[in-house]
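Close look at the chain arrangement
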Amino acid sequence: MIPVRVYVENFMSYREGQELLFDGAPLWVLSGPNGAGKSTIFDAITFALYGLYRGGQKNYKDLINHQADALNVEFDFIVDEVAYRVCRTVSHRGRPTREVFRLIPSKTGGKPRPEPIADTDNDSGFKNWVERTIGLKENAFTSCVLLLQGQSEKLLQVGSTERGEILKQLIDLSPYKRLHLLADDRRKELEIQVKSLKPRLDSMLTVSDAELNAAAEAFNQAAALLKSVDEKVEKLTVFREQSKQWQQLKAQINEAQKELQELNNLLARTEEIERKCSRLRELGEVLPLLSSIINQRQRILVTEQQVQQLQHKCQQIQENLERAESEKQNASNQVQHIEKEIEQLETNINALTSRLDKLAPFVASLSQMETIQIQLQDQQQKLATFPSNLEQLVQQAQLRDNQLVEAASALPWLEQLTQWRSNLADALNREKTTSNRLAYLESQLKECQNQQEKLNSDIALEHKIEKNLSQEVTRAETGYDTVCKQRKRFEKAAHKPTCELCGQEITPEHAHKEKARLDAEIATSQANLNNLKNQHQQVQEHLNQLTTELKFIDQQISSLQLERNQNGNQQNQAKIDTNNCVLQINKAFNNLPAIYQACVSPYLPSDVLGWLDTNYPTDTDLEELSRYLSGRQAHTNYLSSIGTQFEEWKLLNAQIQFNSERLAELEKKLPLAQAQQARVEQNNLQQDKVQQQSQLKELKTQQHQLKNQLNKAIESVNNLSDELQSFQLELSNKRGIQGEIQRSIASDLENLPQQWQEKANTIQSFEIEQLETEQQELVEYEFLSNRLNIANGSVAFIQQQISNFNTQIEQLPSEARRSIEVIELELNSAKTLKIEFDANRSNAEKNFNELVRQREQRSQLEQDLQKVEREHRLYDLLSVLLGKKGLQLQLLRNAERAIVELANEILDGLSRGRMRLELRGEAEESPSESDKALDLQVYDYETGQRPTAVAMTSSLTGLIWCIRI
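Residues numbered from 1 in each chain as written. Predicted model: local features only at pLDDT ≥ 70, side-chain atom pairs only at ≥ 80, totals over all residues. Heavy atoms only, no water.

1. Considerations on the overall build of the protein chain
Scanning the protein chain from N- to C-terminus turns up 21 helices and nine strands. The C-alpha atoms of the protein chain give 71 Å as radius of gyration, which overshoots the globular expectation for 965 residues (30 Å, by more than 25%). Judged by the C-alpha coordinates and their principal axes, the protein chain covers about 210 × 155 × 50 Å. Residue pairs at least 24 apart in sequence account for 76% of intrachain contacts in the protein chain once pairs closer than 6 positions are excluded. (Helix = DSSP H or I, 4+ residues; strand = E, 2+ residues; numbered from the N terminus. Rg over C-alpha atoms; globule rule 2.2 N^0.38 Å. Contact = heavy atoms within 4.5 Å.)

Below, the structure written as structure tokens:
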């Protein structure tokens, strides 16, 4: 991940939007005093990616600047040559938001275009994307990539197991973990398959070749028996069909012989049939005509009665029509008379209306003049009720209202000015107090720093003395050990003739002297060693005492610096509060009306102290102003009331002036006597007009009634005329029908044979019924006549059919010329055997197929088991190789060795070959420690060959190691 840009707005100490760009150089340094906001930039990066900051993950709203309502953080970075942007916002009112964008480069070289990545606007999707793209969780990121303030040694302070987890994230073992999980899951699946296949294979029976051959032979024998009985069934089925055909032929011969006998009997009745058929044809020709003549005669009688009824109705309608015509004529004459009277009245009314129109202007002007006079009297009476000095009262009330408005607008600003002026005094006092405290803390801090420098100098000198004494102790120990070894070697060599140390001959005297000399050297070396150890111990005790004092001084310095920073922040806050108070005071002063500004100060103060010199308004002034404003509502009501009166007074004056002018104008134009005479004449004419309009209304009512009577008479005449015409038409139709019927009877008589024409004139209905009955009895002879016509040819044909049937019977086999019941019994018996043999064959075939299936299934199961067992062995090996103790552990150890080599390159240069980092022996690693990593120890060649854990070394070494990672 390569950082490119960080943008913060309203984030912690950053009020305005700030943007930091990390392009153009491989190394960047953020510098500034304490509290300047350096660590806030790194907080912004961890907050953007993981929602974390130095305070943990408690309340995001604590990160918002106290002068703002919402914060915004953006972090641009590059992963695998793809640019991304992570955005987070937090608001006091809404929910926090987060989203990731892919930065698309602009074709024109401008700013990149952000394109949102799907499913990153929710918390779970955002976290998954960060872990998938960055490849690190929060702990690994803040331990190895972005070291938070005061946590640079976090990776060294945690245990080797935690280091292992962090290192696994750094080298990204997740693909191998996923491969291991996939391989292990597949191994478990295959193991389950093996365990399920083995019992199935053991439970299966083994099928031998002999069993399979015996089953095949049994199947072939059952199939041969089934085939023989099947042939017998087919033959009997054919015989059964032929037997049915034999019985059908015999039945057809019997039917043909019977039909031949009937035809011979029919030929014997030939003369009778022909005579009866002749009579049937005659009746068929005559009966329809006779029935028609009888029916037509009955219709003539009915029609004659209908004609007489219609003639009577026409005579009645004619008489009613004549009476209706007379009533219509009388109503028409009355309507004409009424219309003439109405016309005369309308002429008189129009003349009266014309005269009234001429008189109307004089009368209207006279009425208008009288109305105006009445209005003037009323208006003058109302005007007398208003105060004489009403206009002056209104002006005084308006002036006081303006004063109240100014006071109401000034009161909140005066209260704010008083409050902020009091706050200004408090802020100046706080600024002065913190300034004095800062001066005292600076002096104390300087004194402690001097003591710290002296102690550091003394400790460095003591370290040097301790180092020299340590070297002398080492040399003394070496010398003492050397002398002791020489003493032991001399004792071993004392029995030899020559001394190995000096080459002289060993004599008792020489041995005694040499032992004494060696004992003296041992005593001297031991005394010197003890003396040096005592001195070294005293120096170490003094060094520990100085170190304790230095720690105490460091704590004092840290406490003083913390208090100094707090007082500095308080002083800065007091200055900010002072400036804010001055701004608020200026704002309140500028919003005051001019009269109140003069009360506060005749001029705008040029400095802070100038505002403290002002004393208006005091609390008393504010109370008086509040009491003054308490009567504002009453005055407002009074002003509204008197203003309304004043408007009414002005309106009445205007109306009186207007009506006076109109009255004078009317008096000039109108002659009063002529107008009064016109009013009298108008009243008389209106009375006459009303009487005549009443008469006109009555006449129109009568006219309407007479017109209704006339319309009814006309409608009655029209209806009677239509009814008469309808009956006359119907009467004409009936007479035409009588003529048609008589012509039809004559035509039917002409169509009858001559011997039937005279009888037709006197024949009655019952005789027609007797003839129809006779006709019905003779109908069957028509059918016999038809059969007689074809009987001669049918006899020869039926005889030929009988001969053919006999020939077909002779062609059938003798086995088929039996009763079908006998053949059915034999066929059913054969079918029963067929079913039994078919069941035997099916059982034999099923048994053979089951043996074949079992044999094939066992063979297939054996092959599947071999395949699954082989695949299980391969995935078991693959799971071990990809597991924590396989490839993952090998990659982890390779990374450890590479890290240690890179760290030693820097450490060797910094320590001048004195120090070296090494991993603990991998051979000593237990299976439970396979998750551990970077379990380091350091060798210091000047202090000895015993290794020391990395956590016990100096912070500088740990920091160098972390930076190198």
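Once you've had a look at it, read on.
2. Brief notes about the environment of R102
By secondary structure assignment, the location of R102 is in strand β5 (residues 97–104). Overall, the relative accessible area of 30% leaves R102 in the partly exposed class. Measuring from C-alpha to C-alpha, the distance between R102 and P112 comes to 9.2 Å, with ten residues separating the pair along the chain. When residues no more than four places from it in sequence are discounted, the contact partners of R102 are V82, A83, Y84, R113, P114, E115 and I117. (Buried < 20%, exposed > 50% of the residue type's maximum accessible area, 1.4 Å probe, protein only.)

3. Thoughts on the pattern of salt bridges
Applying the stated rule across the entire model yields 34 salt bridges. In this structure, the salt-bridge partner of D577 is R430, at a minimum N-O distance of 3.1 Å. In this pair, D577 sits in helix α10 (residues 508–591) while R430 sits in helix α9 (residues 390–493), placing the two residues 147 residues apart along the sequence. Here the salt bridges do not stand alone but share partners, grouping R5, E19, E74, D76 and R85 into one network. (Salt bridge = Lys/Arg side-chain N within 4 Å of Asp/Glu carboxyl O.)

4. Here we look at the packing of aromatic side chains
Applying the stated criterion across every chain, the model contains six aromatic pairs. Considering the side-chain rings of F77 and Y84, the 6.0 Å spacing of their centres and the 35° angle between planes classify their relative orientation as tilted. A residue is classified by how much of its surface remains accessible, and F77, at 0% relative accessible area, is buried. The class of Y84 is buried, set by a relative accessible area of 10%. On the basis of an interplanar angle of 70° and a centroid distance of 5.1 Å, the ring pair of Y84 and W129 is categorised as edge-to-face. (Phe/Tyr/Trp six-rings, centres within 6.5 Å; stacked < 30°, edge-to-face > 60°.)

5. A closer look at the side chain of Q703
Checked against the element boundaries, Q703 lands in helix α15 (residues 672–751). Residues in contact with Q703, not counting those within four places in the same chain, are I338, E339 and I342.

6. Examining unusual backbone geometry
Across the junction of Y616 and P617, the peptide omega takes the value 0°, indicating a cis bond. Note that P617 resides in the loop between α12 (608–612) and α13 (619–630). Even without glycine at this site, M12 takes up a positive phi of about 55°. Within the fold, M12 resides in the loop between β1 (2–9) and β2 (18–21). A residue is classified by how much of its surface remains accessible, and M12, at 26% relative accessible area, is partly exposed. Positive phi values are uncommon outside glycine, yet E81 reaches one of about 65°. Positionally, E81 belongs in the loop between β3 (70–79) and β4 (82–91).

7. Side note on the sheet that holds β3
Spatially, the six strands line up as an open sheet ordered β2-β1-β3-β4-β5-β6, and their pairing is antiparallel. Lying at the two open borders of the sheet, with one neighbouring strand each, are β2 and β6 (113–116). If you compare each strand with its neighbour and ignore which way they point, the axes differ by 20° on average. By the bridge criterion, four bridges tie β5 to β6 in an arrangement that is antiparallel. Looking at β6, one finds that L103 is bridged to P114. Helix α1 (residues 38–50) contacts β1, β2, β3 and β4 of the sheet and is inclined by roughly 80° relative to β3. Running over the sheet, helix α2 (residues 123–134) touches β3, β4 and β5 and is turned about 45° from β5. (Pairing = 2+ DSSP bridges. Axes fitted to C-alpha atoms, helices over the stretch in contact; angles between N-to-C directions.)

8. Comments concerning the environment of M915
Within the secondary structure, M915 is located in strand β7 (residues 915–919). Counting along the chain gives 595 residues from M915 to N320, while the straight-line C-alpha distance between them is 153 Å. The contacts of M915, once residues within four sequence positions are left out, are L907, V938, Y939 and D940.

9. Description of the environment of T614
Within the element layout of this structure, T614 appears in the loop between α12 and α13. In the structure, T614 is positioned 266 residues away from N348 in sequence and 99 Å away in space, judged by C-alpha atoms. Apart from the residues within four sequence positions on either side, T614 is in contact with R421, V600 and S601. At 2.9 Å, the side chain of T614 forms a polar contact with the side chain of R421. A polar contact of 2.5 Å, which involves the side chain of T614, links it to the backbone oxygen of W611. (Polar contact = N/O pair within 3.5 Å; in protein donor to acceptor, adjacent residues only side chain to side chain.)

10. A short note on the packing of helix α8 (residues 270–383) against helix α16 (residues 754–762)
Contact geometry for α8 and α16: axes closest at 11 Å, N-to-C directions at 35°. Like other packed secondary-structure pairs, α8 and α16 cross with a definite hand, here right-handed. Of the residues in α16, those touching α8 at R279, E282, V286, L290, I293 and R297 are Q755, W756, A760 and N761. When the residues that make up the contact of α8 with α16 are grouped by side-chain class, the tally is five nonpolar, two polar and three charged. (Left-handed = near helix turned anticlockwise from the far one by under 90°. Nonpolar A, V, L, I, M, F, W, Y, C, P; charged D, E, K, R; others polar.)

11. A few points about the UniProt feature "coiled-coil region" (unreviewed entry) in the protein chain
UniProt's feature table lists "coiled-coil region" (unreviewed entry) at residues 239–355, 515–563, 656–730 and 844–878, given in the numbering used throughout. Between the end C-alpha atoms of residues 239–355 the distance is 135 Å, and the span holds 99% helix and 0% strand. Secondary structure across residues 515–563 comprises 100% helix and 0% strand; the distance between its end C-alpha atoms is 70 Å. (UniProt positions renumbered as here; feature names shortened; annotations may be inferred.)

12. A word on the confidence of the model for the protein chain
Here the protein chain shows a mean pLDDT of 81. Residues at 70 or above account for 91%. Taken element by element, the protein chain is modelled with least confidence in helix α21 (residues 955–964), mean pLDDT 40, and with most confidence in β4, mean pLDDT 93. Throughout residues 922–928 the model reports pLDDT below 50, and contacts reaching past four residues in sequence, or to other chains, amount to seven contacts. Overall, residues 951–965 carries pLDDT values under 50, and its contacts beyond four positions in sequence, including any with other chains, amount to 24 contacts. (pLDDT = per-residue confidence, 0-100.)

13. Quick notes on the pairing of β5
Both β4 and β5 contribute to a ladder of six bridges, which runs antiparallel. The residue bridging T89 from the neighbouring strand is T97, located in β5. Between β4 and β5, which pair antiparallel in sequence order, lie five residues.

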